[in-house]
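One letter stands for each residue in the lines below.
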Amino acid sequence: MSQPTLKAPKGTRDLFGAEADSFHELEETARRVFKLFHFSEVRTPLFEPVELFSRSLGETSDVVEKEMFTFSDRGERVYALRPEGTAGVVRYFVENELAKKGGIHRLFYMGPMFRGERPQAGRYRQFWQIGSEFFGPSDAVADADTVLMVSMVLKKFGLTNFSVQVNSIGCKKCRADYRPELLKYLKSREGDLSEESRRRMNVNPLRVLDSKADGPKLKDAPLMKDFLCVECKAHHTLFLDLLSTSQSIKIEENPRLVRGLDYYSRSVFEWVSPDLGAQSALAAGGRYDDLVEQLGGPATPAVGFALGVDRVVAARKSGSPEGKTSSSKTAMVIPLDDKAVVPAFQQSQKMREAGLAVPTLNPGKKLKNQLSQAVDIGANWAILIGEDELKTDQVTVKDLATRDQKRVPSSDLLKHING
Ligand code: HAM
């Protein structure tokens, strides 16, 4: 009997070669930028008790209602693979009583997240996030710095075509004034709404605005920005003023932006790219001043974000067809006969030590094949070493872009190609 074919689970994929390199490059870029802003790394478990997520993301969020991968631990406790990073980092903050240490805590994380969503381009069941959580400050400077920090990561990685949508969804106090007004409006439109929205509107009417099916139908809904309390309004005005000082980031106010997770208050933001299809959100985040307390810690304001690594990498690829995948230059060293193998081997190592990528020699293969292989892997140069070169202690350098070739003394090779 034939065995069923083994395949990666639906909505997951293997990362390999140029794509894996780009993931790595983005992670390194983010690490460098996080350092500039004094953030430190935290690694939390890939799974947590399911109630951590239901208590933080909200019982009525899509993620909690239908997208978590849960399992029981030998029948004792129910766990879920983490669908996002914030809940785990807040749990870490509360469990370790970091608030007692006082002041400000700036944390970042990176790793895979899991959501049982219907897979499509840019939407996976296992996807990667890079994010930060900034505990302590309640003022809008922290919100604005988060927006600048993420934009800096995207730019340094090579993305230019994106904008940041921003909004304020107020605090518990002003949302309490907005909610009945929104509910009154939704009730007047009840006949147009899906069953899910009709059910949700009494529990969490804001989420109805976020509904993919019904959101676009509700163009004349009352807006949160008209209900902000004095403090929230001042917070939002300062946030916008701070962002307007940065000429190089495209900021767009979107008064209809609400987030799919329940823990947010005041500032919310989302980075969108026209280079992606329907799943255009590269990153998203916002302030969540009540979550630490909600999870058993002392009241601690906080703000954070997460970017979707899969999507940021895809946006760079579609935005720049050459896809800057490899950051280091590559050379292929080709020994032209058996006697050249040892010197070519030595030469390869010397070049690697100088920071060039040099794949392992392929002795015995025809020159023509080796040259076309060098082109296939995107090498910048082929370094040819044969009898003549050995006699004169030279190498032949072939520039694979221009096809020019030149003999240079072995000792000048690095100078020549770096020059
Ligand atoms: P989120 O909007 O659910 O926020 O996810 C952030 C980003 O993760 C999205 O903008 C998207 O780029 C990526 N993403 C989400 N789901 C998928 C998926 N199924 N496939 C591929 N990429 C995906 C959060 O997760 C919050 N924890 C962000 C945050 C941190 N807020 C405060 N602190």
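None of the values given here were measured: they were computed from a predicted structure.

J.: Sorry if this is basic, but what is going on with helix H7 (residues 195-203) here?
T.: At 3.6 residues per turn, the α-helix brings residues three or four places apart onto the same side. Among the residues of H7, Ser197, Arg200 and Met201 are the ones counted as buried. An end-on view of H7 places all buried positions within 110 degrees of arc, on one side of the element. Those residues of H7 that are buried lie in contact with helix H3 (62-67), helix H6 (172-188) and helix H8 (205-209).

J.: Would you explain the sheet that holds strand S7 (residues 163-168) in this entry?
T.: Remark on secondary structure: sheet strands pair via backbone hydrogen bonds, oriented parallel or antiparallel. Strand order in the open sheet made by the eight strands is S1-S5-S6-S11-S10-S9-S7-S8, with mixed pairing throughout. Here the strands that pair on one side only, and so sit at the sheet edges, are strand S1 (40-41) and strand S8 (251-253). Where S7 meets strand S9 (residues 267-272), six bridges bridge the pair, whose relative direction is antiparallel. By the bridge assignment, Gln165 is partnered in S9 with Glu270. Strands in contact with helix H1 (residues 17-36) are S1, strand S5 (105-114), strand S6 (126-135) and strand S11 (302-308); relative to S6, the strand with the most contacts, it is inclined by about 0 degrees.

J.: Just to check I follow, could you spell out the confidence of the model for the protein for this structure?
T.: For the protein, mean pLDDT is 92; residues scoring 70 or higher make up 98% of the total. A low-confidence stretch, residues 321-326 stays under pLDDT 50, and its non-local contacts, those more than four residues away or across chains, total nine contacts.

J.: Is there a simple way to explain the packing of helix H5 (residues 140-157) against helix H9 (residues 230-244) in this structure?
T.: Each pair of packed helices can be summarised by the angle the axes make with each other and by the distance between the axes. In contact at an axis separation of 9 Å, H5 and H9 are set at 40 degrees when each is read in the N-to-C sense. With respect to each other, H5 and H9 are oriented oblique. With respect to the hand of their crossing, H5 and H9 are arranged in right-handed fashion. Each of Ala140, Val141, Asp143, Ala144 and Val147 in H5 lies in contact with H9, whose residues at this interface are His235, Leu238, Phe239, Leu242 and Leu243. Here the contact of H5 with H9 is composed, by residue class, of eight nonpolar, one polar and one charged.

J.: Whenever I open this one, the site of the ligand confuses me. Can you help?
T.: Around the ligand there are 27 residues in total, and Glu84, Thr86, Glu117, Arg259 and Tyr264 lie nearest to it. For the ligand, a nitrogen atom lies 2.9 Å from a polar atom in the side chain of Glu133. Phe305 is positioned with one of its backbone polar atoms (N or O) 3.3 Å from a nitrogen atom of the ligand. In the complex, 95% of the free accessible area of the ligand, which totals 660 Å², lies under the protein chains. Of all the secondary-structure elements, those providing two or more residues to the shell around the ligand are S6, strand S10 (281-287) and S11.

J.: What is the right way to look at unusual backbone geometry in this model?
T.: Most peptide bonds take the trans form, and the phi angle of most residues other than glycine is negative. Its identity as a non-glycine residue notwithstanding, Arg74 has a phi of 45 degrees, on the positive side. Counting through the fold element by element, Arg74 comes out in the loop between strand S3 (70-73) and strand S4 (77-81). On the basis of relative accessibility, which here comes to 79%, the residue Arg74 falls in the exposed class. A positive phi is found at Arg403, a non-glycine position, where the angle reads about 70 degrees. With respect to the element layout, Arg403 can be found in the loop between strand S14 (394-399) and strand S15 (405-409).

J.: When you look at the pairing of S11 in this model, what are you seeing that I'm missing?
T.: Taken residue by residue, a regular strand's side chains alternate between the two faces of the sheet. Of all seven residues in S11, seven are buried, a share of seventy percent or more. Where burial is concerned, the two faces of S11 agree: the one with Ala302, Gly304, Ala306 and Gly308 and the one with Val303, Phe305 and Leu307 are both buried. Here S6 pairs with S11 via seven bridges, running antiparallel. Within S11, the residue paired with Ile130 across the bridge is Leu307. Here S10 runs beside S11; their pairing, made up of five bridges, is antiparallel. Note that in S11 the partner of Ala283 across the bridge is Leu307.

Conventions and cut-offs
- Residues numbered from 1 in each chain as written.
- Predicted model: local features only at pLDDT ≥ 70, side-chain atom pairs only at ≥ 80, totals over all residues.
- Heavy atoms only, no water.
- Buried < 20%, exposed > 50% of the residue type's maximum accessible area, 1.4 Å probe, protein only.
- Helix = DSSP H or I, 4+ residues; strand = E, 2+ residues; numbered from the N terminus.
- Arc of directions from axis to C-beta.
- Contact = heavy atoms within 4.5 Å.
- Pairing = 2+ DSSP bridges.
- Axes fitted to C-alpha atoms, helices over the stretch in contact; angles between N-to-C directions.
- pLDDT = per-residue confidence, 0-100.
- Parallel < 35°, antiparallel > 145°, perpendicular 65-115°, else oblique.
- Left-handed = near helix turned anticlockwise from the far one by under 90°.
- Nonpolar A, V, L, I, M, F, W, Y, C, P; charged D, E, K, R; others polar.
- Near = heavy atom within 4 Å.
- Polar contact = N/O pair within 3.5 Å; in protein donor to acceptor, adjacent residues only side chain to side chain.
- Areas by Shrake-Rupley, 256 points an atom, 1.4 Å probe, with all protein chains shown as cover.

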